[in-house]
Amino acid sequence: MSDQLSYPDLVLDPSIRDWVLIPIFVIMFLMGILRNNVTKMMRSSEKTKRDTVQQNNLLMRARRLRANAGWVPAAAFAARKHHFCDKEKGLLMQKQDAPNPMAAMSDPNMMSKMMQGNMAMMVPQMLMMVIIPHFFSGFVLGKIPFPLTPSFKGMLQRGVNLSTLDTAYITSMSWYILAMFGMRGLYSIVLGAGSTTDDSALMQQQMGMAAGGGQPGQQPDYNKLYATEAENLQITEHKFHLSAAEEKLLRGGKADGVTARGKAKRA
Amino acid sequence: SRVFVAILSGCVAGVLGLTGLSGFVAFFATALLLSAGLYVKVGCQPKPFFKTPSDIWFDGVMQAMLSYILFWTLFYDIVHIY
């Protein structure tokens, strides 16, 4: 209340509302939708190679066998293990082409794809950052309905240097920023959850990639992965869950092999 | 749904001309109302619908709040400032 006493309300021209406040809002919204569609279009052209899918599926199979070893009898497990880890014919022992670490980088296709992905994000952002202060600077365009400390002044009132102006009055740049953050929720409604406009998720993803060490487009070395998986499979201790089923049942307790299987199925 | 409710309540708060703390109180009140509604809807058993039980109360509140602030500001400006 006190700041309303010390600062009388400003009277703003209604045409500011019609030609600045609402247009920025609409532009932001349409820009987000456009960006979403462009990203989608670019992504759909991406293709996975057949070999890669094959190799990944083989690894997944071995991993699943290891996780569920208890549900097949000992002989069956041994046969599967042989199928994967046999010295000459085991699938995990076959030589794979070692990927060239530079191949991904020198592949122009890959590079341009990465660039496109980033561009679709960055260009509209930068464009708006330039356009908005250029067209709509030098006046107050609205007021946020809650008080803030004066330290926000520099951020909210860029382009208007009035030391006595209430901090709650904002200029176009801060309205843009406010809209940028607030729009994200709106997109999730309009475009469906998990849309690509979620900048922060994308940012995190990129960070994760950087932290993981692998370049996004780089192929993993399947020889190494296979060797590890084969080793894991070799040291897996096989214990058949159903071998003691009858005794457990006769003992009157729930046969926990059966319930465990039920659980596994449900999960 | 949380964002949707936040946007609606933001519009209402803006039109009513809530300012300062009362606006945030309105946001949390509507968010709480939504959570309570959801809680009753799932029959007080959030287990199969949410990853953790507390998600029903807290999931996506920050996101919703940003949208709330945006729409609150928009309608407050349109209705009361000009």
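Residues numbered from 1 in each chain as written. Chains lettered and ligands numbered in written order. Predicted model: local features only at pLDDT ≥ 70, side-chain atom pairs only at ≥ 80, totals over all residues. Heavy atoms only, no water.

A. Structural context of the overall build of chain B. If you tally the helices and strands in chain B, you get four helices and zero strands. Counting from the amino terminus, chain B carries its helices and strands in the arrangement α-α-α-α. Looking at chain B as a whole, 41% of its 82 residues are labelled buried. Here the contacts in chain B between residues at least 6 apart in sequence split such that 77% fall between residues at least 24 apart. (Helix = DSSP H or I, 4+ residues; strand = E, 2+ residues; numbered from the N terminus. Buried < 20%, exposed > 50% of the residue type's maximum accessible area, 1.4 Å probe, protein only. Contact = heavy atoms within 4.5 Å.)

B. Representation of the overall build of chain A within the structure. What chain A contains, in helices and strands, is 12 helices and two strands. When the 267 residues of chain A are sorted by exposure, 28% land in the buried category. Element-wise, carbon and sulfur atoms account for 62% of the exposed surface of chain A, whose accessible area totals about 17400 Å². (Areas by Shrake-Rupley, 256 points an atom, 1.4 Å probe, with all protein chains shown as cover.)

C. Structural context of the interface of chain A and chain B. With 27 residues of chain A at the contact, the number on the chain B side is 21 residues. Taken together, the two surfaces of chain A and chain B that pack against each other cover about 2100 Å², and 75% of this comes from carbon and sulfur. Linking chain A to chain B there are zero salt bridges. Applying the counting criterion to the chain A and chain B interface returns three residue pairs in polar contact (both at pLDDT 80 or more). Here the side of chain A that touches chain B gets 11 residues from one element, more than from any other, and that element is helix 8 (residues 172-190) of chain A. Class assignment of the residues belonging to the side of chain A that touches chain B gives a composition of 19 nonpolar, four polar and four charged. (Buried area = accessible area lost by both parts, 1.4 Å probe. Salt bridge = Lys/Arg side-chain N within 4 Å of Asp/Glu carboxyl O. Polar contact = N/O pair within 3.5 Å; in protein donor to acceptor, adjacent residues only side chain to side chain. Nonpolar A, V, L, I, M, F, W, Y, C, P; charged D, E, K, R; others polar.)

D. Structural view of the packing of helix 3 (residues 50-67) of chain A against helix 10 (residues 222-235) of chain A. Residues and elements named next belong to chain A. The contact between helix 3 and helix 10 brings their axes to 10 Å, and the two run at 15°. Here helix 10 runs roughly parallel to helix 3, going by the angle between their axes. Once helix 3 is placed against helix 10, the crossing between them reads as left-handed. In this structure, helix 3 uses Thr-52, Gln-55, Asn-56, Leu-58, Leu-59, Ala-62, Arg-63, Leu-65 and Arg-66 to contact helix 10, whose residues at the interface are Tyr-222, Leu-225, Tyr-226, Glu-229, Asn-232 and Leu-233. When the residues that make up the contact of helix 3 with helix 10 are grouped by side-chain class, the tally is eight nonpolar, four polar and three charged. (Axes fitted to C-alpha atoms, helices over the stretch in contact; angles between N-to-C directions. Parallel < 35°, antiparallel > 145°, perpendicular 65-115°, else oblique. Left-handed = near helix turned anticlockwise from the far one by under 90°.)

E. Focus on the pattern of salt bridges. All names here are of chain A. Scanning all chains against the criterion turns up three salt bridges over all chains. Asp-18 is the partner of Arg-17 in a salt bridge, and the nearest nitrogen-oxygen pair spans 3.1 Å. Classification of Asp-18 by relative accessible area gives partly exposed; the value is 38%. Where Glu-229 meets Arg-66, a salt bridge forms, and the shortest distance between an N and an O atom there is 3.0 Å. Taken as a pair, Glu-229 in helix 10 and Arg-66 in helix 3 lie far apart in primary sequence, 163 residues in all. In this structure Glu-229 comes out as buried when scored by relative accessible area, which is 4%. Beyond isolated ion pairs, a larger network of salt bridges with shared partners links Arg-63, Arg-66 and Glu-229.

F. Region of interest: the UniProt feature "transmembrane region" (unreviewed entry) in chain B. Residues and elements named next belong to chain B. Under the present numbering, the feature "transmembrane region" (unreviewed entry) in UniProt falls on residues 7-40 and 60-79. Overall, residues 7-40 shows 88% helix and 0% strand. The separation of its end C-alpha atoms is 22 Å. Secondary structure over residues 60-79 splits into 95% helix and 0% strand, and the C-alpha atoms at its two ends are 28 Å apart. (UniProt positions renumbered as here; feature names shortened; annotations may be inferred.)

G. Geometry of the environment of Leu-186 of chain A. Within the fold, Leu-186 of chain A resides in helix 8. C-alpha of Leu-186 of chain A to C-alpha of Phe-29 of chain A: the two residues are 157 residues apart in sequence and 8.6 Å apart in space. Each residue touching Leu-186 of chain A, except ones within four places of it in the same chain, is listed here: Phe-29 of chain A together with Val-3, Ile-7, Ser-67 and Phe-71 of chain B.

H. Geometry of the confidence of the model for chain A. Residues and elements named next belong to chain A. Mean pLDDT for chain A: 73, with 72% of residues reaching 70 or above. Helix 4 (residues 74-85) holds the highest mean pLDDT among the elements of chain A, 85, whereas helix 1 (residues 2-6) holds the lowest, 45. Segment residues 1-6 is flagged for pLDDT under 50; beyond a separation of four residues in sequence, or across chains, it makes three contacts in the model. (pLDDT = per-residue confidence, 0-100.)

I. Structural context of the nonpolar core. With 46 residues, the main nonpolar core has Ile-24, Phe-25, Met-28, Leu-141 and Trp-175 of chain A together with Phe-27 and Phe-71 of chain B as its most contacted residues. Looking at this core, the elements that each hand over two or more residues are helix 2 (14-44), helix 6 (108-135), strand 2 (169-170) and helix 8 of chain A together with helix 1 (2-16), helix 2 (21-41) and helix 4 (61-81) of chain B. Apart from residues lying up to four places away in sequence, Phe-27 of chain B is in contact with Ala-6, Val-61, Ala-64, Met-65 and Tyr-68 of chain B. Leu-58, Ala-62, Tyr-222 and Tyr-226 of chain A belong to the second-largest nonpolar core, a separate cluster that totals 14 residues. (Core = buried A, V, L, I, M, F, W, Y, C linked by side-chain atoms within 4.5 Å.)

J. Local environment of the UniProt feature "transmembrane region" (unreviewed entry) in chain A. What UniProt calls "transmembrane region" (unreviewed entry) maps, in this numbering, to residues 20-38 and 119-142 of chain A. This span, residues 20-38 of chain A, is 100% helix and 0% strand, and a straight line between its end C-alpha atoms measures 26 Å.

K. Region of interest: the packing of helix 8 of chain A against helix 1 of chain B. Taken N-terminus to C-terminus, the directions of helix 8 of chain A and helix 1 of chain B make an angle of 120°; their axes are 9 Å apart at the nearest point. The angle between the axes of helix 8 of chain A and helix 1 of chain B places the two elements in the oblique class. Every pair of crossing elements has a handedness; the one defined by helix 8 of chain A and helix 1 of chain B is left-handed. Judged by residue contacts, Gly-185, Leu-186, Ser-188 and Ile-189 of chain A of helix 8 of chain A engage Val-3, Phe-4 and Ile-7 of chain B from helix 1 of chain B.

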